[in-house]
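Remarks on the overall topology
So you can see what is in the structure, the chains are spelled out below.
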Amino acid sequence: MAKKVVVTRQIKDEHLNQLKEKYEVFMWDSAGDPMPKKRFLEEMEDADAALTMLSEKVDAEVFEAAKELKVVSNLAVGFDNIDLEAAEKNDVIIANTPDVLTETTAELAFTLMLTSARRIIEANRELESGDWTGWSPYHMAGTDVYGKTVGIFGMGAIGAAFARRLKGFDCRVIYHNRSESKYAADLDAKLVSFDELLEQSDFVLCAAPLTEETKYKFDQEAFGKMQDHAHFINIGRGAHVVETDLKKAVETGDIAAAALDVYDGEPISKDHPFIGMDNMTLLPHIGSASVATRDDMVQLCVDNITHVLEGKAPLTQVK
Ligand code: NAP
């Protein structure tokens, strides 16, 4: 009997057909909507492999239902949607998509930083609403990135790619990791404590994975330690941040502005408290969303599945 692969979102035929040539494939292709948990559980019962997104909670219930499951191939570098302990207990390999999305995500982080610094969203809103009355010396005056101190929380692949771009802006780069980053020496970046990162940075980028240790790391206390002219940028995960504390920090001037790609509970609606705030740059989780990178991510997911189902190690296994 052919092995079964569950694909939880629509992928291109060129990728899907590689799976169909070898396996029985179920693909959830309802336009844009995530697969309901009940249906996911049903399809997983006899699945040998799953190509999942960060919108699927792959928890103990899934691993217990999926008796034939050998590999979960997650279309993301982050894997906080997967219960790794339950995966190990059930002998299921977890694979992710590191590296192929690094430069694209760093570019988005850089875009967020420049957009926030130069008040691009606010300026565009003013123009589109017909409120632009003309040039004046300090009209929509923002802040420079050039020559500033930039602090990176999580100097891994993406943090380092972001730091490399900062070189062109003559910035001083500091970072906070649990250990010395292998990228730091080439980038002339200095390891500092979390408090030093907050206190010294003009821009703070969160690019760490979401773990028990990093969850809600950016709270009232952390924002209170940042400089009042500082900008906070988050491309990590929404749950790195206590959102009510961030809103308050921006409103009261504890920090100058925030630029976010991710939220604690996605998608957010137009009623979310951040919506409409002038000093908030908000994007709908598009960090790795370039067509070429998404193609590479899907291909890597397919390769990881075929490797495991053919008895080989996946190309990129989550440790
Ligand atoms: P990576 O290469 O594994 O880097 C992660 C870095 O975080 C490492 O340098 C690690 O250093 C540090 N870190 C881990 N735990 C930490 C802690 N408790 N305190 C301080 N630093 C810690 O991962 P990556 O490829 O750069 O991706 C990073 C994250 O970005 C992903 O996990 C994902 O959540 C997010 N991401 C978001 C998007 C998006 O669309 N917005 C796209 C891609 C990735 P130590 O081990 O030394 O602490």
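Our structure's up above, just so we're on the same page.
Described below are features of the structure shown in this document. (Residues numbered from 1 in each chain as written. Predicted model: local features only at pLDDT ≥ 70, side-chain atom pairs only at ≥ 80, totals over all residues. Heavy atoms only, no water.)

**Focus on the sheet that holds strand β5 (residues 93-95)**
Read across the open sheet, the five strands follow the order β2-β1-β3-β4-β5; overall the sheet is parallel. Across the chains shown, the open sheet's two edge strands, defined by having one partner strand only, are β2 (24-27) and β5. Each strand of the sheet is rotated relative to its neighbour by a mean of 15°, with strand direction disregarded. Where strand β1 (residues 4-7) meets strand β3 (residues 49-52), three bridges bridge the pair, whose relative direction is parallel. Note that in β3 the partner of Val5 across the bridge is Ala49. Along the sheet, helix α1 (residues 13-20) makes contact with β1 and β2, crossing β2 at roughly 140°. Helix-sheet contacts for helix α2 (residues 37-44) involve β1, β2 and β3, and the interaxial angle to β1 is about 165°. (Pairing = 2+ DSSP bridges. Helix = DSSP H or I, 4+ residues; strand = E, 2+ residues; numbered from the N terminus. Axes fitted to C-alpha atoms, helices over the stretch in contact; angles between N-to-C directions. Contact = heavy atoms within 4.5 Å.)

**A word on the sheet that holds strand β10 (residues 231-234)**
Taking strand neighbours across the sheet as the criterion, the seven strands line up as β8-β7-β6-β9-β10-β11-β12 in an open arrangement whose pairing is parallel. Here the strands that pair on one side only, and so sit at the sheet edges, are β8 (190-191) and β12 (280-282). Bridging between strand β11 (residues 257-260) and β12 involves three bridges; their strand directions are parallel. Of the residues in β12, the one forming a bridge with Leu260 is Leu282.

**Here's the deal with unusual backbone geometry**
Following Glu266, the chain continues into Pro267 via a peptide bond in cis, with omega recorded as -5°. Looking at the secondary structure, you find Pro267 in the loop between β11 and β12. At Asp91, a residue that is not glycine, the phi angle is positive and equals roughly 60°. Mapped onto the secondary structure, Asp91 falls in the loop between α4 (84-89) and β5.

**A short note on the packing of aromatic side chains**
Tallied over the full model, the rule gives eight aromatic pairs. Judged by centre distance (5.5 Å) and plane angle (70°), the ring pair of Phe194 and Phe218 falls under edge-to-face. Within this pair, whereas Phe194 is found in helix α9 (residues 194-200), its partner Phe218 is found in the loop between β9 (203-206) and α10 (220-225), the two being separated by 24 residues in sequence. Among the aromatic residues, those joined into a ring-pair cluster are Phe153, Phe194, Phe218, Phe223 and Phe232. Between Lys217 and the ring centre of Phe194, over which it is positioned, the NZ or CZ distance is 4.6 Å. (Phe/Tyr/Trp six-rings, centres within 6.5 Å; stacked < 30°, edge-to-face > 60°. Lys NZ or Arg CZ within 6 Å of the ring centre and 35° of its normal.)

**Concerning helix α5 (residues 102-117)**
Taking 1.5 Å per residue, 16 residues should reach 22 Å; α5 reaches 23 Å between its end C-alpha atoms and fits that length. α5 sits mainly inside the fold: 12 of its 16 residues count as buried. Within α5, burial applies to Thr102, Thr104, Thr105, Ala106, Leu108, Ala109, Phe110, Leu112, Met113, Thr115, Ser116 and Ala117. Just downstream of α5, Arg119 is the residue with a positive phi angle, here 55°. (Expected span 1.5 Å × (residues − 1). Buried < 20%, exposed > 50% of the residue type's maximum accessible area, 1.4 Å probe, protein only.)

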